[in-house]
Each structure stands twice: as C-alpha cells, then as structure tokens.
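Okay, here's what each chain looks like letter by letter:
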Amino acid sequence: MIYILFGEQELMIKNRIKRIIKDDFSLNSEVIKMSMNDNKIGKLIDEYDQFSITGEPKIIIANDAYFIESTTRIKNKNFEKKELEELYECISSGVNSNSIIFVINSDKIDQKSNIVKYAKTNGKIYEFKNVSKNDWPIYIKEYFNKRNVKISDDAVEELVRRVHGDLYTFSNEATKLILYKGYQITKEDVLNLVSNVLEDDVFNILNSLLANNKEAALKTYRDLRVQGVEPVSLISLISSSIIYILNVKNLSSLGLKADEIATKTGSSTGRVFMAFKNIKLSSENKLFSALDNLYDIDFKIKHNLVDRFVAFEMFIANF
C-alpha cells in the first residue's frame, strides 16, 4: 500500500502516521524511517525490495519526499530520473507487500507524478491544511465535541488567543484541560491552566535583540524550544511586534501622542512607551531588514528548504 501525506501541519501528519500504523498493520510490522534529503531514491528502492526481519509487510516512512512535491525544489535536487521511474515500477508492480508512506511538508504535490497518480487509485492521499485564523474557533469546538467535552464560547475565544495559531501548542494544552477538568471547560479553566507566556517570551527575545544582547535572546529561544514551541510561531509573533513598532513610529511622526496611538492601535499606553524605547534602540532600516529576513525564513521553513531550528538561531545570531 502506498500513502502520501502532505501539508504544513507536522503534528497532524505525525498523528496520522501513528494511526495508519496502528489501524492498517500488524503490531509486529517493521517500521523504517528515511529522510530523502539524506538518502538517494535507490536506497529507498533497495529498502522496499528487502523482506522484513519480522516476516510481516514492512512500513517505510519516506520523509522529505521532494520528488513528488509540486515546487521548484525538485529542480535543485541531484537525483537520477531513471531511479524515480524504477521506484514507480516497483510500487506499481504489485509484487511486493511492503508499504511506503511518503511525507511532504508542503501544501502541494505534483499531480502529474506517476507515483501520485498511482496513489490516487491504489493507495491513500491525505492533505493537512493549516487552520486559518477564522477557522480556529470551529476547529477547537469540533476537537472537544469529538471527545464529548463541553467548552464555553468565551473559553474557546481565550484558548484561540493563547495558542497563537500553533497546532502543537493547542494539542498539548487541550490534553491538559481534558485531563484536569474532565467534561466541562470554562474560560476560568483556560485562564488557570493554559500558559500565556509566549508573547512575553517573544517580547524578551525582540528586546534582547534590539539591545544587542544576542546571548539572552538565544537563551530565551532555546528555553522555548525545549517547551516544544515551533520557530514559525515565533517568527509570526516577532514579525507582528516589529510591524507594531514601525506603526507606532509612523503615528508618532504624524504628531499623535502616546494615548492617541494606544487608542488607534488598540493597545495599552505602556506598550506604546515600550515601542518608543525600542525605536531609539534600532533604525527603521534595520527593522525592515529584520522583517524581510523573517519572511524569507518563514517561506523556506514552510517549503522545507532549511532546518527550521537552525534557520531561526541564525536569524538571532545575524540580527
């Protein structure tokens, strides 16, 4: 059996792989994980052709399967087209009972690929879309409903605010809420149990960078990494903070005072004063350059062109 799992929600992909292995295969099935960034297609073919040591059909998880991804990445990869054709021949022959789970952390796959065409009729394809800002309340309600847990509307709203669009964070916090509160969740439960420190930590990272204290910024980031916070979430929040600072600078140049800027931006006067302080620490050009770098890193991470953790550390180091 051939499976293709693609999308930018890594946690959802990992959970689906676990379910596939549990539901579709024997407990004794051998599971092999391979990164196609580190292995040639020929190595995947060799693995697919070999019998499992357990005697049960083998499951090969082919991560970073760039050769069926619909992007320009495939043009930059050094691989033999003959090997790709041979892989298709092996898969479509039906002789082998082993299975391959192709994983692509991208929002599109190559619809013209023979492997994709074969999977449509003889395998399974799963797409994992990002949850949009407007869909988060619906997603959260459905998540709890499936688990027979009631959650109030204001609790949903607060939970959306605290998870910052990060599915991994939501999954952890939702599990915690169900574990401690059972079948009825209120806003007070969310306030008491769900961490709201991410914005504060992002605030500390940016302030440290603007004060040229890269060591402090790296320490805060590495602490967040241990907690499972994804770089893409930090990139989004830092970008928003920089845009806010630039917005405050623009409004100030128009002659608006701190309280007027706070009203205009829907923020507190204290945050406006902190923005004034940050404006003095860095030039407008440097802030715009940082935004460009963040957008570039975000694109590369989402298209699996760089290691997300290394890329974000390099952003801090080169700020």
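Counting starts from 1 at the beginning of each chain's written sequence and moves along it residue by residue. Reporting in this predicted model follows two pLDDT cut-offs: at least 70 for local features of residues, and 80 or more for side-chain atom pairs to be given and counted; totals over whole chains, interfaces and linings ignore these cut-offs and use all residues. Heavy atoms from the whole structure form the basis of all side-chain values; hydrogens and water molecules are not counted.

**Student:** A description of the side chain of Glu-69 should follow, citing residues and the corresponding values.
**Tutor:** Only DSSP runs of H or I covering at least 4 residues are called helices, and only runs of E covering at least 2 are called strands; the numbering of each starts at the N terminus. Positionally, Glu-69 belongs in the loop between strand 3 (59-63) and helix 3 (81-93). Within the structure, the side chain of Glu-69 is placed 3.1 Å from the side chain of Ser-106, a separation counted as a polar contact. In what follows, a contact means two residues having at least one pair of non-hydrogen atoms within 4.5 Å. If we ignore the near neighbours within four places in the chain, the residues touching Glu-69 are Ile-104, Ser-106, Lys-108, Ile-109, Asp-110 and His-303. As used in this structure description, the phrase polar contact means that two N or O atoms lie within 3.5 Å; if the pair is within protein, one of them must be able to donate a hydrogen and the other to accept it, and residues adjacent in sequence are counted only when both atoms belong to side chains.

**Student:** Go over the packing of helix 9 (residues 198-210) against helix 11 (residues 231-253), please, and point to the residues and values.
**Tutor:** The relative placement of two packed helices is expressed as an angle between their axes plus a distance between the axes. Here, axes are lines fitted to C-alpha atoms. For helices the fit covers the stretch in contact, and angles between N-to-C directions go from 0 to 180 degrees. For the pair helix 9 and helix 11, the least separation of the axes is 10 Å and the interaxial angle reads 60°. By crossing handedness, the relation of helix 9 to helix 11 is classed as right-handed. Contact residues: Leu-198, Val-202, Ile-205, Leu-206 and Leu-210 in helix 9; Leu-234, Leu-237, Ile-238, Ser-241, Ile-242 and Ile-245 in helix 11. Here a crossing is called left-handed whenever its near helix is offset anticlockwise from the far helix by less than a right angle, and right-handed whenever the offset is clockwise.

**Student:** Tell me what's going on with helix 6 (residues 153-163), and back it up with residues and numbers.
**Tutor:** An α-helix turns once per 3.6 residues; consequently, residues spaced three or four apart project the same way. Classification of residues uses two cut-offs on accessible area relative to the type maximum, computed with a 1.4 Å probe and protein chains only: under 20% is buried, over 50% is exposed, and between them is partly exposed. For helix 6, the complete set of buried residues consists of Ala-155, Val-156, Glu-158, Leu-159, Arg-162 and Val-163. Seen end-on, helix 6 carries its buried residues on one side only, within an arc spanning 165°. Exposed residues lying more than 90 degrees from the buried face of helix 6 are Asp-153 and Glu-157. Packing partners of the buried residues in helix 6 comprise helix 5 (136-146), strand 6 (150-151), helix 7 (167-181), strand 7 (184-185) and helix 8 (187-193). At the exit of helix 6 stands Gly-165, carrying a positive phi of roughly 70°. When we speak of the arc, we mean the arc of directions from the helix axis to the C-beta atoms.

**Student:** Provide a residue-level description of the nonpolar core, including the pertinent values.
**Tutor:** Ile-242 and Phe-315 are the most contacted members of the largest nonpolar core, which has 40 residues in total. Listing elements by their share of this core, those giving two or more residues are helix 9, helix 10 (214-226), helix 11, helix 12 (258-265), helix 13 (269-281), helix 14 (284-302) and helix 15 (308-317). Top contributing element to this core by residue count: helix 11, with ten residues. If near-sequence neighbours (up to four positions away) are discounted, Phe-315 is found in contact with Leu-209, Ala-290, Asn-293, Leu-294 and Ile-297. Residue types Ala, Val, Leu, Ile, Met, Phe, Trp, Tyr and Cys, when buried and joined through side-chain atoms within 4.5 Å, form a set referred to as a nonpolar core. Core analysis: the next-biggest nonpolar cluster, separate from the first, contains 28 residues, Ile-45, Tyr-48, Ile-60 and Tyr-66 among them.

**Student:** Break down the packing of aromatic side chains for me, with residues and values.
**Tutor:** For any pair of aromatic rings, geometry is given as the distance between the ring centres together with the angle between the planes. Aromatic rings from Phe, Tyr and Trp, with only the six-membered ring used for Trp, were paired whenever their centres fell within 6.5 Å, and each pair was classed as stacked if the ring planes differed by under 30 degrees, edge-to-face if by over 60, and tilted otherwise. Under the criterion given, the structure shown has 15 aromatic pairs. With a centroid separation of 5.5 Å and an interplanar angle of 80°, the aromatic rings of Tyr-143 and Phe-144 are classed as edge-to-face. Charge over a ring is defined by NZ of Lys or CZ of Arg lying within 6 Å of the ring centre and within 35 degrees of the ring normal. A cation over a ring is seen here: Arg-147 above Tyr-143, with NZ or CZ 3.6 Å from the ring centre. In this structure, Arg-225 packs its charged tip against the face of Phe-309, placed 3.8 Å from the ring centre.

**Student:** Any details on the packing of helix 11 against helix 12? Residues and values, ideally.
**Tutor:** Interhelical geometry of helix 11 versus helix 12 gives an angle of 130° and a closest axis separation of 10 Å. In terms of their interaxial angle, helix 11 and helix 12 are classed as oblique. Helix-helix and strand crossings are classified by hand; for helix 11 and helix 12 the assignment is right-handed. Along its contact with helix 11, which presents Tyr-244, Asn-247, Val-248, Leu-251 and Ser-252, the element helix 12 presents Ile-261, Lys-264 and Thr-265. Here the contact of helix 11 with helix 12 is composed, by residue class, of four nonpolar, three polar and one charged. Small angles under 35 degrees read as roughly parallel and large ones over 145 as roughly antiparallel, with 65 to 115 read as roughly perpendicular and the rest as oblique. Side-chain classes are defined by residue name, with Ala, Val, Leu, Ile, Met, Phe, Trp, Tyr, Cys and Pro counting as nonpolar, Asp, Glu, Lys and Arg as charged, and the others, Gly among them, as polar.

**Student:** Got a sec to walk through the confidence of the model for the chain? Specific residues and values, please.
**Tutor:** Scored from 0 to 100, pLDDT records how confident the predictor is in each individual residue. Of the residues in the chain, 96% reach a pLDDT of 70 or more, and the chain-wide mean stands at 87. Within the chain, helix 9 has the poorest average pLDDT of any element, 83, and strand 6 the best, 96.

**Student:** Tell me about the sheet that holds strand 5 (residues 124-128), and please be specific about residues and values.
**Tutor:** Strands were regarded as paired on the criterion that DSSP finds at least two bridges between them. With parallel pairing, the five strands of this open sheet are ordered in space as 2-3-4-1-5. The sheet terminates laterally at strand 2 (31-35) and strand 5, the two strands that pair on one side only. Sheet twist, expressed as the mean angle between neighbouring strand axes with direction ignored, is 15°. In this sheet, strand 4 (residues 99-104) lies alongside strand 3 in parallel orientation, the contact comprising four bridges. Its bridge partner being in strand 4, Ile-61 is matched across the sheet by Ile-101. Helix 1 (residues 10-24) contacts strand 1 (2-7), strand 2, strand 3, strand 4 and strand 5 of the sheet and is inclined by roughly 160° relative to strand 1. Each of strand 1, strand 4 and strand 5 touches helix 4 (residues 114-122); the most contacted strand, strand 1, lies at about 110° to it.

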